[in-house]
Each structure stands twice: as structure tokens, then as C-alpha cells.
Amino acid sequence: MTSSDRIKLYPAKPEKVYFFATCLVDIIYPEAGLSGIELLEHAGIEVIYPADQTCCGQPPYSSGYINESRAVATKQLALFPEPWPIVVPAGSCAGMIHRHYPELFAGTPLAEQAEQIARRTWELTDFLVNVCHLQLQDRGQPRRVALHTSCTARREMGAADAGPALLRQLQQVELVEQARPTECCGFGGTFAVRHAEVSGAMVEDKLQALEDSGAEHFVTTDCGCLMNIDGHAEHKGSPVRGQHILSFLKERCL
Amino acid sequence: MSSQEAVRHFHPRARDALNNPRIRQNFRRAMDGLMQKRATALQDHDTEALRDLGAAIRQRALSQLPDLLEQLEANCTRNGIQVHWAQDGDQACQIITDICQQQGARSVIKGKSMVSEEMELNHHLAEVGITALESDLGEYIVQLAEETPSHIIMPAIHKNTEEISELLHDKTGTQRSQDVDYLTASARAQMRQAFQRADVGLSGANFAIAETGTLCLVENEGNGRMSTTVPPCHIAVTGIEKVVQHLADVPPLLSLLTRSATGQHITTYLNMITGPRKAEEQDGPQAVHLVLVDNGRSDIYQDDQLLDTLRCIRCGACMNHCPVYTRVGGHTYGTTYPGPIGKILMPHLLGLEDTRDLPSASSLCGACGEVCPVRIPIPELLVRLRREAVDGDSSRPSVVRGHGVKRHWTEVGVWRAWAWLNSHPRCYRAALRLVMALRFLSPRRLGGWTRYRKAPRPAARSLHQHLLQRNRSSS
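Residues numbered from 1 in each chain as written. Chains lettered and ligands numbered in written order. Predicted model: local features only at pLDDT ≥ 70, side-chain atom pairs only at ≥ 80, totals over all residues. Heavy atoms only, no water.

Caption draft 1: Broad picture of the overall build of chain B. A count of helical and extended segments in chain B gives 22 helices and 10 strands. Counting only C-alpha atoms and orienting by the principal axes, one finds that chain B spans roughly 95 × 55 × 45 Å. Within chain B, buried positions represent 57% of all 475 residues. (Helix = DSSP H or I, 4+ residues; strand = E, 2+ residues; numbered from the N terminus. Buried < 20%, exposed > 50% of the residue type's maximum accessible area, 1.4 Å probe, protein only.)

Caption draft 2: Region of the structure containing the overall build of chain A. What chain A contains, in helices and strands, is 13 helices and 8 strands. A principal-axis box enclosing the C-alpha atoms of chain A has dimensions of 50 × 45 × 35 Å. In chain A, which comprises 254 residues, the proportion classed as buried is 62%. Accessible surface, chain A: about 9300 Å² in total, of which carbon and sulfur atoms supply 49%. One finds the centroid of the 22 positive side-chain charges in chain A at a distance of 3 Å from the centroid of its 31 negative side-chain charges. (Areas by Shrake-Rupley, 256 points an atom, 1.4 Å probe, with all protein chains shown as cover. Lys, Arg positive; Asp, Glu negative; His and termini not counted. Charge placed at Lys NZ, Arg CZ, Asp CG, Glu CD.)

Caption draft 3: Summary view of the interface of chain B and chain A. Every contact between the two is made by 68 residues of chain B and, on the other side, 70 residues of chain A. On the chain B side of the interface with chain A, the three residues burying the most area are Trp 415, Tyr 452 and Leu 463 of chain B, jointly 13% of the side's total. Here chain B and chain A share 16 salt bridges between them. Between Arg 155 of chain A and Glu 370 of chain B there is a salt bridge whose closest N-O contact spans 2.9 Å. Along the contact surface separating chain B from chain A lie 36 residue pairs in polar contact (both at pLDDT 80 or more). Top contributing element to the side of chain B that touches chain A by residue count: helix 19 (residues 409–422) of chain B, with 7 residues. For the side of chain B that touches chain A, a count of residues per class yields 28 nonpolar, 15 polar and 25 charged. (Contact = heavy atoms within 4.5 Å. Buried area = accessible area lost by both parts, 1.4 Å probe. Salt bridge = Lys/Arg side-chain N within 4 Å of Asp/Glu carboxyl O. Polar contact = N/O pair within 3.5 Å; in protein donor to acceptor, adjacent residues only side chain to side chain. Nonpolar A, V, L, I, M, F, W, Y, C, P; charged D, E, K, R; others polar.)

Caption draft 4: Region of the structure containing the nonpolar core. Membership of the largest hydrophobic core comes to 111 residues, with the highest contact counts inside it found for Ile 96, Cys 100, Met 119, Phe 207, Ile 235 and Val 291 of chain B. In this structure, Leu 39, Tyr 49, Leu 128 and Leu 134 of chain A belong to the second largest nonpolar core, which totals 58 residues. (Core = buried A, V, L, I, M, F, W, Y, C linked by side-chain atoms within 4.5 Å.)

Caption draft 5: Representation of the packing of helix 4 (residues 66–77) of chain A against helix 5 (residues 91–104) of chain A. Residues and elements named next belong to chain A. In the contact formed by helix 4 and helix 5, the axes pass within 11 Å of each other and the chain directions differ by 115°. When the axis of helix 4 is compared with that of helix 5, the two are roughly perpendicular. Relative to helix 5, helix 4 is oriented so that their crossing is left-handed. Contacts between helix 4 and helix 5 involve Ile 66, Ser 69, Arg 70, Ala 73, Gln 76 and Leu 77 from the former and Met 96, Tyr 101 and Leu 104 from the latter. For the contact of helix 4 with helix 5, the class distribution of residues is 6 nonpolar, 2 polar and 1 charged. (Axes fitted to C-alpha atoms, helices over the stretch in contact; angles between N-to-C directions. Parallel < 35°, antiparallel > 145°, perpendicular 65-115°, else oblique. Left-handed = near helix turned anticlockwise from the far one by under 90°.)

Caption draft 6: Local environment of the domain arrangement of chain B. Assigned domains of chain B: these are domain 1 (5–298) and domain 2 (409–474). Using C-alpha coordinates to define each centre, domain 1 of chain B is positioned 52 Å away from domain 2 of chain B. (Domains from an automatic or database assignment.)

Caption draft 7: Geometry of the environment of Thr 238 of chain B. Take Thr 238 of chain B: it is sitting in strand 7 (residues 233–239). Aside from chain neighbours lying at most four places away, what touches Thr 238 of chain B is Val 115, Ala 205, Leu 290, Val 291, Leu 292 and Val 293 of chain B.

Caption draft 8: Layout of the UniProt feature "domain: Cysteine-rich" (unreviewed entry) in chain A. The UniProt entry lists residues 17–97 and 145–230 of chain A under the feature "domain: Cysteine-rich" (unreviewed entry), expressed in the numbering used here. Annotation note: span residues 145–230 of chain A, helix share 47%, strand share 14%, distance between end C-alpha atoms 14 Å. (UniProt positions renumbered as here; feature names shortened; annotations may be inferred.)

As C-alpha cells, then:
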């Protein structure tokens, strides 16, 4: 990546978008997906949900099983025939499509299609802020929250500013910053299983930082981080529990 | 190279480090400080443009590496530097031993050199009765403790002042003290004598400039300058990838190196060595040798993706910013180069057999790639090595020594089944319905995951099911 690759060209607000929910949202956190859809609809956008979507293929990709990743990704490529943007409520899966599909399909007959789909894939909070220019009316109780932005939203999608921009619109919400906000929570997919002790140490530190921030509650932009940090909070019996940022926004504003 | 059997056991060492509060605290504190210093040093710069430049300079050098090495050899030779080529560490050790023996050398004083660590030079020299003394303070401490460096820039960063004081007391009789200046002065006094006695001075090189035949050595303590000027013979040892094309390539790289490594705008010393003492000169060594070590680097060079590994200028910023390194420290990796750069470099030097757990020891958070001054795409290279470790890409043959070492039929079977299910949407949805219906049966224990977390529970209804119902009720 060079400087010129870092310039993002946001499209004009479209009439329609494709919603790629991701498997974790589908199976564990469907309310985060529903909230994302409702926020897009609130912004006046029609949401198309291709029913044949499954997974972006990132788990085997990160584990080195490229054949299996490519097989699943090939199926996803066929889901977005119209030129609408593809929005994803997770930095990691958006990053997989946006950053890694071109490499995954390089030199294959699907290379051009993969490039084209990669170009119109957006992380959802980034899309809500910078394409939809979403305006939120806070109807909730006063709340002090911390935000954990996923490493992929931050570093692969360049969307680290979107979460704070959305939360700052909420008049009754005080956004507090934890120590080392940019440090990974330790999820990393199969890393959490293969290197359980290191991952465990990382999530312990992350939750501690969130607790020490004085937040009553934390929100994340990615279901992987949420499952990791909130799973640890539940295990530890911590009063500081987590929620996907989209669920939080929908609850308070719609 | 001695047996690397020990390298394989990453997990038990990681556990030990994680359970050692002193290690945790020493690294956390040091890495927090280094991250802060780097950020401060770069705040007034267009960091991204500088990184672009650094990457371009290194890419340009690598794109013509064979030619530049020949040019370097010709220009060094013209300057009076004797150039030697070593295919591996053992050969490099032999070359250095031979030079020492020709000099009748009994003692060698060393400036900091990670390549000499890589080839276990001190050990080889000891076998033929030559004493090597480390003169970089961190390396000196590590040598006294009979350990290896835990960081490529700050070799003794795993020790705090109290531990260093205790070590110096035990090994050299220095009085116990928490006063860093006192401890440093005491080590300095010991080294002064060694500098005067040494027959040979050995150093690394940060950059080797092809067009001028110059070796650059970046350091803070002055020991590098002493090692390369006081003894009658200077031997520089470095990897073949350290060559740069032009003298003008050095300032931007130097600027990136010192800021990325220690947050300094410039180091106390920058030594540029262009040959031995000339007839009219008062000081400097009578002979200068340059040993250029391959040790697996030209294998890396063959692959157009892995090649990026060789851009590295050894600043250590990747380890300073790595959440894994910060928690487990350098010794856990069991390799000369720890941290993210070690994870992408060591598999080539030792083979994947002996480094099998390194490529997976990352959450792929990308912090390393974000700070790398020469934009090495470290996360992408980690993924590539994971692929090599499981022979996971049938469209591209694996090339790294020991490839396929992590390929197990159970894991292959799991991913194949997973891929089949996720490539058949109807079956995927049916499986989901089953998972949701039987969610009360979902396991409460999931290996290492539930040692720290509750097991995730499937929702009562999938998003697919929610949306199906939403569609029905709206139509």
C-alpha cells in the first residue's frame, strides 16, 4: 500500500445496497444485523439481502487453507450482480472482501469480478457516516460507554473514525476512552484457540482497560471482538458488558 | 547451527512468560515507552510519505540485489576492504575464525551484531580458544547472564535495573545499586580494558552502500566506533540484504530507523567506514574485512512475495507494537529474531519444521504492518507462511523448507466439510435451523476458548430466519 491507495472515494448515497451479514451475525448476533438493516432503512436506503450468502471465507484464509477459502468466496462473488455497494457490519469480513479477495482470485477467471466487488465493499459504520451522512436522535437514558474498534476496521478498512463519529451524535452518551484503545483484544479467529493462553492474556488486559475507563458498557464494531471480550466479561462476572454498536444505536435512536 | 529442537516449543515458554509477572511488567513498561517515543519522534513528519520512500528505496535495492552486491564488492575492494562471501552461518564463522587465526588473535571485541547471533559466532570462536566480549551494554549483560538477546535493538530489555545490578554484582563484583549511571560506568570501565587488549574488533553493518563501498553503523554508546577503530583488525559481518544502491539512500532510511526503533531523531554515533587506515592517518584498523552472509536469504529472494521480508532494516518497531511480543517477551520465540519480523524471517532460516508455531502466533491485528518503516506487509506474509505450513494452496506450490509440516488430515477434513457446507446455501440454512433448534445442546466447554470466556451461544433464530419472517409479514 502506498499513499495513493489510502485515498478513499466515497460514492454518492445510493438507492439500494447489498447487505452481507457475515456468519457470526447470522448465527450468534442476528439482532446486530437487523439493527444494521434498520439503520440503513432509516437513512432511506433499500436493503437487499441475498439469501444465499454464507461466509466470506476468512476463517480458512487466515489458517492457510486457501482452496477452501476460495471455494466459499467464489459462491459469494455471485451474489451481487447489480452495481450497488455491499455493506458489511464487521471490519474483518469487509476487510476480507475488500483487501483479500483480489489476491485470492488473482490470476483466475474471477479476478476482475473479485476486484470489482472488492471496490464496492464497505464497512457499515463507515458507510453510515460517510456515505449515508446518518443523523441520529438519541432517545435513550444517560450512559457512559467505551468503544472497541476492531483491528480490521481500523487497519484494513480505515474506518476507525466512524464509530466515534456515530456515538458522538448521541446527546445522552458519554464516550470514554480506555487505555491503549488501538491494541488488539486477542480474538484473531483461530488464534484464540491455537494460542489460547496468549489470546486469553490479551482479552484479560482489554477488559481490564475497559473496566478502568469508567465505562458502564462497551460497544464494538465487530462480532468477533464482541464474542471475545463480552465472553470474557461474562466468564469473569464483570459488570461491564458489551454490545454491537449497531444494536446500541438502533435501541437508542430508532 | 546447533540443534533447534528447543525452538519448536513455543507454547510452554509462552505459558511460563505469561505467568511471570516480572517479565510481563518489564516488557509492558518498555514497549509502552518505545511506542510513545516513536509516536513523538514522528509527529512532525509526514510519516506515511517517509514510509513510502523507505519502502521504495529498499524495493529498488532488492530489485537489483545481485548487481548491487557485485558493485559493493568491487567498490569495497577498491577501498581496501576485503570482501568474503558466506553461504551459511557455519561458513561465515569459519571465515571469521580464519581471519582471527591469521592475525594470531586471542580476543575479539564485539559491537552489536544480530547476524553474529544468528550464526552463534561467540560459540564458534570459543571452540577454537578465542574469547569474544560483547561491548554493547545490552549484549554485555546478556552475555554475562549466558542468555540470548530478547529484543533486536535492546537485547536485555527483559531485565530490570535490580536484576542487572544483581547480575553485575555476581559476575564482576560491581556493588549492588539502583543507579543506572553507576552501573553503566562500571561496565564501561571493564570494557575499556578489553578494547585495549582486543586483537580484532567485530561489528555488524546497518547499511552497505554499493556505489561508494561504505559500511554504515548506527549506534548510541560509542562501542561500535571503538570496536571498529581501536583493534588492528576490523571484521564487519552482515546479511546480503543490507545493501543499498546510493549514498543518498541512507539519510531517509536512517531517519526512519532511529525514529522507529528508539524514537530518536538521530543516534549519538553514525559510523561510515570506507576502508582501513591510510598511510597518512593516525588511527583506525590496518585491515578491514566484510563478511556477507546469505544463510537462507537468497532462497527468500526467489519468491516474489516472500522477497518483501528482506526489506527489513531491523528497527524492532514491529516487536515494540506487537501485542503478542509485549506479553510473552523475546525468549518465548526461541529464535534469534523474535516478534513479528522473527515470525516471517525465521521459518526461512531454520525451516518450518522447527518454527511451526511461529506463523500462527499472531492475531493478525496488523499493528506491525502499520508501523513498519519500509512497509513490509507482515500480516500478509504470516498468512502466506500459514499456507506454506499446511500446503493449503493447490494453485501455487509451497516453497519454504519444511512446508506442509502442520498439515493434518483432521484439520483438512474440518475445513473441507466447512467449505462444502458454506458453498451449499440450502444445506447451510438447514444446518443453521438444526443448530438453532438444538441450541440448548451447544457445548459449554470449547478447549482453550472457555478457559477465559463463556462459550458463544447460537441465537434462537438466525438472521436468515428473522428476515424470512420479516418478508412474509410485510408481504
